[in-house]
Every structure is written in structure tokens, then in C-alpha cells.
Amino acid sequence: MQHTRTALSAALGVGLAALLAAGPATATSAAPEAGAGTSGAATAAFTPPKGPSASVSDEQATRAFFEAVRASAMEKYAENPGASAVTVTYDASRAPSFRTQIASSTRIWNSSVSSVQLREGSNADFRYYEGNDRRGSYAYTDGRGNGYIFLDYRQNQTYDSTRVTSHETGHVLGLPDNYSGPCSELMSGGGPGPSCTNAYPNRTEINRVNSMWSYALSAFAKEGADK
């Protein structure tokens with residue numbers, strides 16, 4: 001099992017790097033002030049940061065969060081292979097004020113993509129947290145396989161809360177920020193302003209998520225066939 005996970009992780013890393021190279025990340029990195037209380041780098045803040053575009057390290061942080069979630073989900077998939085989609089399990093118990101938005105975001109993503117599905121349950125691959133943070137909402141990773149989504153109270157009163165939640169969940173599924181995009185692009189986040197209420201990924205974003213998770217399934221199947 002360990003050999004399989006190691007080889008699979010290496011194969012997926014190569015494919016993922018090529019897929020993520022198509023889009024920029026535009027968020028800042030900083031330590032979280034609320035949420036799980038861990039230390040590390042926060043990435044993919046919903047509101048556009050001030051100053052120049054973020055560096056490559058922010059894209060790498062977004063990628064690290066996705067890879068950690070994917071590795072956790074694929075390890076469980078390995079116990080019951082054959083499903084047409086990977087199931088990513090989340091825990092929303094630490095964000096009770098946003099249960100409605102999280103449920104809506106889950107329905108949006110599950111109805112939009114086919115290679116991965118979100119499900120609330122135990123033994124979660126990632127968690128949602130809520131609280132106050134001057135940077136707003138963000139997806140967070142400590143770079144060691146641990147990550148979560150933090151939902152900020154004030155920001156969710158200014159921006160459409162389902163869009164915020166769906167946007168941050170997009171990072172879990174592998175999508176980077178693109179604040180210069182139009183409202184129709186979910187990962188444009190707060191770039192189009194508070195009047196934008198679209199909480200659905202566009203066709204390009206859907207295809208990208210399907211490609212990344214389909215690649216994971218294909219690499220897993222190939223590893224099994226080569227054993």
C-alpha cells in the first residue's frame with residue numbers, strides 16, 4: 001500500500017503541475033488569526049490583495065492543499081476501487097453558521113463535476129471553520145498535509161456568502177484564484193465586486209476540475225495494472 005501511494009503521488013504530481021500551470025494564483029500568504037489555531041501559510045483569500053500579484057509560492061500553496069486533500073481521498077478510494085468518482089469528505093461542524101452555504105456549495109459542485117464528489121462525514125479530508133479575520137475568507141494549508149477553509153463573518157455579510165463558500169471549496173478541488181476574471185468565473189472571487197452573486201463554476205473551471213481528478217483515477221488504475 002505504501003509503495004502504491006508513493007508511486008501514485010509522484011505520477012499525479014507531474015500531471016497536476018502541468019494542469020495548474022494554465023492559471024495564475026493571486027492571493028497572499030500569511031498565518032491564520034482564527035480557525036484551527038495552527039501555524040503555516042494561508043492562501044487563496046477571497047478578496048483581492050492590495051499591491052502586486054502574488055508570487056509563485058501562492059500557487060504552490062494552493063496546489064499543496066489540493067494535493068493533501070487528493071492524497072487523503074485517494075487513500076480511502078484505494079480501499080474500495082472501482083467507483084467512477086473520487087469522494088472527498090468534509091467536516092462542517094466547526095462552521096455551524098454557514099451550514100446552509102456549505103450545503104449549497106456542495107450541491108453546486110456535485111451537480112457541476114463528475115470525477116469528484118463532496119460528502120459530509122467522519123474521517124474528513126478537510127474541514128470548514130468560521131470566525132473573524134481581517135483578511136476575509138481563505139483556504140489554508142500548513143504544507144504538511146493539513147488544510148481547512150476559513151469563512152469570515154464580515155466578508156460573508158458584504159459578498160454573496162454562497163459564492164464565497166463555493167469559491168473557497170474550488171481551491172480544495174484544485175483551482176487557483178484569478179481575480180481579474182469576470183463574475184461568470186467563480187475563481188475571480190471578490191474581483192468583480194460585491195454585486196456579483198454567481199456561485200457556479202464556468203465550463204472552463206468544470207473541465208479543469210474534472211481533468212485533475214480524472215487524472216488521479218487514471219493514475220491509480222495504471223498503478224494497479226502495473227503491480
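Located above this text is the structure these notes cover.
### Structural notes on the pairing of strand S2 (residues 86-91)
Of all 6 residues in S2, 5 are buried; the element is thus mostly enclosed. By the bridge criterion, 5 bridges tie S2 to strand S3 (residues 116-120) in an arrangement that is parallel. Counterpart to Thr87 in the pairing with S3 is Gln117. Each parallel crossover has a hand, and the one from S2 via helix H3 (residues 99-112) to S3 is right-handed. Both S2 and strand S4 (residues 126-131) contribute to a ladder of 2 bridges, which runs parallel. By the bridge assignment for S4, Asp91 is matched with Arg127.

### A short note on the state of the cysteines
Across all of its chains, the model carries 1 disulfide by this definition. Note on cysteine connectivity: Cys183 is disulfide-linked to Cys196, with sulfurs 2.0 Å apart. Here the S-S torsion is close to 85 degrees, and the disulfide linking Cys183 with Cys196 is therefore right-handed. Of this pair, Cys183 sits in the loop between helix H5 (161-172) and helix H6 (203-226) while Cys196 sits in the loop between H5 and H6, placing them 13 residues apart in sequence. By relative accessible area, which is 27% here, Cys183 ends up partly exposed. In this structure Cys196 comes out as buried when scored by relative accessible area, which is 4%.

### Describing the pattern of salt bridges
Close approach of charged atoms allows side chains with opposite charge to pair. A full pass over the atoms with the stated rule returns 5 salt bridges. Between Asp91 and Arg94 there is a salt bridge whose closest N-O contact spans 2.7 Å. Given a relative accessible area of 15%, Asp91 falls into the buried group. For Arg94, a relative accessible area of 38% puts it in the partly exposed group. Each of Asp91, Arg94 and Arg127 takes part in a single network of salt bridges with overlapping partners.

### Observations concerning the packing of aromatic side chains
If you walk through the whole model with that rule in mind, you get 8 aromatic pairs. When the centroid spacing of 5.3 Å and the interplanar angle of 85 degrees are considered together, the rings of Phe66 and Trp213 count as edge-to-face. Note that Phe66 is positioned in helix H2 (residues 56-77) and Trp213 in helix H6, a separation of 147 residues in sequence. Residue classification places Trp213 among the buried residues on the basis of a relative accessible area of 0%. Where Phe98 meets Tyr153, the ring centres are 6.2 Å apart and the plane angle is 10 degrees; that geometry is what we call stacked. Of the two residues, Phe98 sits in the loop between S2 and H3 while Tyr153 sits in helix H4 (residues 153-158), which places them 55 residues apart along the sequence. Its relative accessible area of 5% is what places Phe98 among the buried residues. The exposure class of Tyr153 is partly exposed, given its relative accessible area of 30%.

### Section: H3
Residues three or four positions apart in an α-helix share a direction because the helix packs 3.6 residues into each turn. For H3, spanning 14 residues, the distance from its first C-alpha to its last is 20 Å, which sits close to the expected 20 Å at 1.5 Å a residue. Within the sequence span of H3, burial applies to Gln101, Ile102, Ser104, Ser105, Thr106, Ile108, Trp109 and Ser112.

### What to know about the environment of Thr141
Take Thr141: it is sitting in strand S5 (residues 138-141). Take Thr141: its relative accessible area is 3%, and that puts it in the buried class.

### A few points about the nonpolar core
Ranked by size, the top nonpolar core spans 37 residues in total, and within it Val88, Ile102, Trp109, Phe126, Tyr128, Val209 and Trp213 carry the most contacts. Among the secondary structure elements, those contributing two or more residues to this core are H2, S2, H3, S3, S4, strand S6 (147-152), H5 and H6. The dominant element in this core, judged by the number of residues it contributes, is H6, at 7 residues. In this structure Trp109 touches Leu118, Ser166, Thr169, Gly170, Leu173, Leu175, Leu186, Pro201 and Val209, once residues within four positions along its chain are discounted.

Conventions used here
The numbering scheme is per chain: residues are counted from 1 as the chain's sequence reads. Reporting in this predicted model follows two pLDDT cut-offs: at least 70 for local features of residues, and 80 or more for side-chain atom pairs to be given and counted; totals over whole chains, interfaces and linings ignore these cut-offs and use all residues. As a convention, hydrogens and water are excluded, and side-chain values are obtained from all of the structure's heavy atoms. For every residue, the accessible area (1.4 Å probe, protein chains only) is compared with the maximum for its type, and the residue is labelled buried under 20%, exposed over 50%, or partly exposed between those bounds. The helix count covers DSSP runs of H or I at least four residues long, the strand count covers runs of E at least two residues long, and both are numbered beginning at the N terminus. A pair of strands counts as paired when DSSP detects no fewer than two bridges linking them. Think of it like this: strands point away, you trace from the first strand over the helix to the second, and a clockwise trace means the crossover is right-handed. When two cysteine sulfur atoms lie within 2.5 Å, the pair is treated as a disulfide. Salt bridge, as applied in this entry: a Lys or Arg side-chain nitrogen positioned within 4 Å of an Asp or Glu carboxyl oxygen. Pairing of aromatic side chains here covers Phe, Tyr and the six-membered ring of Trp, requires ring centres within 6.5 Å, and sorts the geometry by plane angle: under 30 degrees stacked, over 60 edge-to-face, intermediate tilted. Expected helix span is taken as 1.5 Å per residue step, with the number of steps being one fewer than the number of residues. Among the buried residues, those of types Ala, Val, Leu, Ile, Met, Phe, Trp, Tyr and Cys that are joined through side-chain atoms within 4.5 Å form a nonpolar core. In what follows, residue pairs with any heavy atoms lying within 4.5 Å of each other are defined as contacts.

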